[in-house]
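# Structural features, examined
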Amino acid sequence: GIAVQGDQTAQLGLLQGKDVVIEGGDMETDSTNTGQLSRSTIDSLIVGRPMPWQRQARRFYKWLLPFALAALFALCAPAAYMYWHIERTWSSKGWRILLAGIPDGVAIGMWLFGLTSVVVQYAYHFVRLRGSVATPDCLGGEPLTHVVIVCSYKEPYDVLGRTFSSLAGQRGLRQPPIVVFAAEARDPSWRASFEQLRQAYGHRLKQLWWSEHVLVEVEIAGKAANENFAAREVFRILVEEQGLNPFEVMLSIVDADSVLSPTYLAHVEAAFRAQPDGRRLVYNGPLNVYRNFAEGCLSVQCLELARCHQDTFHSPFAVPYPFSNYSLTLGFAAEIGFWTPDVMPEDIHTVNKAMVNSFGSRTTVTIPAFICNDLVAGFGDRYRQAKRHQWGSVTELAWLAALFQDMGLRFPAWWAIFTSEATRAGSFISTIATIAQLLVEASLGIVLMQHWADVPSRAKFLLSLMGSYMAWQWLWFWIAEIALWQTLLQQFPIEHPSPARWVALILSMPTLHGVNRVVFLILPTLHALYHAVFVGELAYVCAPKGVPRPCLEEANERSTSRKWLGAL
């Protein structure tokens, strides 16, 4: 059972795991209770065409290796031919004539355009991020009901306390958020942690609920199954029982080690109100894992600097995928079948499902407010986390194949989702392209070193332009990072490294950035590919962040016990 405010009590059952579509047009409301849905509208929920689960995609795992080899061959074959041709005809005049055919004005013009585009990109983000600490204008309208789900498994109270303190300190909202502490039944310590959180922060929140998830046979251990159950129970309480409009309930997913900017939820609501129709979109802030930055080893610090920088200062023409923390309306979550409980990459998978629902159009809206998380400090632990991330990228391609074959999605919509996933940084296909790029760059470097004395001065001039462009990019990389650390990140309790470590980071960053692409991207991808093709499903293991904590158990634990949700 549950306990709610006052003396009300209720008995909660298990919401059936059906994929539902909520009619998002004009909804009938109860005239006696403005803003709430009538019983007839709630009863009109219809079952839509379900999207495939990950288990339906496992039959495609065996084809991932042939696909990877074919794609790598297609990308490398032209470069291999060019390498052979250069070696065979190096002493001829063909290459000199080709290089001479590029006018100086064209080469210098492209170089200047590249330098200018770097500055323009950072100027765009300066304008976008400026003032994100201030409370935004939510553009009127009825206030959203904010519900935040915090998934936890044996998290220390110190880690949870930081997260709940930032949730209780949200500004700019006309009502505090409802927070759901989503616990696992396998965690014997969650009740004690929840009681501490209730005493410390319960009075500063609109409501503080708990949910207890028990793993069932069709699920795998991990975040997706936990938040799927919690979100379905929230839907049942707020929509089916209380009659709230699910498209006026903003559901935010945050990790247990998250420190939210005080205006994060207000920026989510402002972005929602700024859209012509914000009901079927996903709202995402910049990735940041700097809270315990000083604990990381040098290579991990370089990796996370590059990863967070790429997400924060992304191309203005690209929309990044969310990582771990994101928001969407409760109605939209219901339309896409909530979360798929047998997948590991629940964040990118949810966005791809959202694109399915919108016929392949982009659904992610970026907001300027930050959430600061912990990084995985140890080298070995970070590799295990990278393997888990890349497992999600490898298996997501198989899911896309199942999506096309099992759901019968029309090709234009499927192709839009496929190209979005293929071009995502860290996806399986983009990693194959990275391998091809490294092979091409290595081959070109070998050729240049072997024949440097014979390289035409014209080619050396063009190489110098490319080198100066790369140096210009690194210069602005550090200008932007210094500005970020000295301004917006001051609101978070970040552990700063020593001045000597900063010097080491600046000097080693160009080299370690290339090494990290191999160690934390290519090798984990190949490892995950081998596991998918020759071993089977990967057990979810959480990497330690910030402070030591137990990891999730292997994914073969099964139970059909009851599940409850409580509120205080």
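See above for the structure.
What comes next is a walk through the structure. Note that the coordinates shown come from a computational prediction; the quantities given were computed from them, not determined experimentally. (Residues numbered from 1 in each chain as written. Predicted model: local features only at pLDDT ≥ 70, side-chain atom pairs only at ≥ 80, totals over all residues. Heavy atoms only, no water.)

### Remarks on the overall build of the protein chain
Tallying secondary structure elements over the protein chain gives 16 helices and 14 strands in all. For the protein chain, the proportion of its 568 residues judged to be buried stands at 52%. The contacts in the protein chain between residues at least 6 apart in sequence include a share of 84% that link residues at least 24 apart. (Helix = DSSP H or I, 4+ residues; strand = E, 2+ residues; numbered from the N terminus. Buried < 20%, exposed > 50% of the residue type's maximum accessible area, 1.4 Å probe, protein only. Contact = heavy atoms within 4.5 Å.)

### Thoughts on the pairing of strand β11 (residues 326-329)
In the case of a regular strand, side chains alternate between the two sheet surfaces. By the alternation rule, side chains of β11 split into Tyr326 and Leu328 and Ser327 and Thr329, which are all buried. Here strand β8 (residues 249-254) pairs with β11 via four bridges, running antiparallel. Following the sheet pairing, Ser252 is matched in β11 by Ser327. (Pairing = 2+ DSSP bridges.)

### Points about the state of the cysteines
Summed over the entire model, instances satisfying the criterion amount to zero disulfides. Free cysteine: Cys302, not disulfide-bonded; nearest cysteine sulfur from Cys297 at 9.0 Å. Residue classification places Cys302 among the buried positions, given a relative accessible area of 1%. The thiol of Cys308 is not disulfide-bonded; the next cysteine sulfur, from Cys372, is found 8.6 Å away. A relative accessible area of 1% places Cys308 in the buried class. (Disulfide = S-S within 2.5 Å.)

### Section: the pattern of salt bridges
All told, the structure shown has 20 salt bridges when counted by the stated rule. With its nearest N and O atoms 2.8 Å apart, the salt bridge here joins Glu335 to Arg280. Of this pair, Glu335 sits in helix α10 (residues 330-335) while Arg280 sits in the loop between α8 (264-274) and β10 (282-284), placing them 55 residues apart in sequence. Note on Glu335: relative accessible area 7%, which makes it buried. Owing to a relative accessible area of 23%, Arg280 belongs among the partly exposed residues under this scheme. (Salt bridge = Lys/Arg side-chain N within 4 Å of Asp/Glu carboxyl O.)

### Considering the packing of helix α9 (residues 298-312) against helix α16 (residues 499-535)
For any two helices packed against each other, one specifies the inter-axial angle together with the distance between the axes. Where α9 contacts α16, the two axes come as close as 7 Å, and the packing angle between them is 80°. The angle between the axes of α9 and α16 places the two elements in the roughly perpendicular class. Within the contact between the two elements, α9 uses Leu298, Ser299, Val300, Gln301, Cys302, Leu303, Leu305 and Ala306 and α16 uses Arg501, Trp502, Ala504, Leu505, Ser508, Met509, Leu512, His513, Asn516 and Phe520. Partitioned by chemical class, the residues of the contact of α9 with α16 number 12 nonpolar, five polar and one charged. (Axes fitted to C-alpha atoms, helices over the stretch in contact; angles between N-to-C directions. Parallel < 35°, antiparallel > 145°, perpendicular 65-115°, else oblique. Nonpolar A, V, L, I, M, F, W, Y, C, P; charged D, E, K, R; others polar.)

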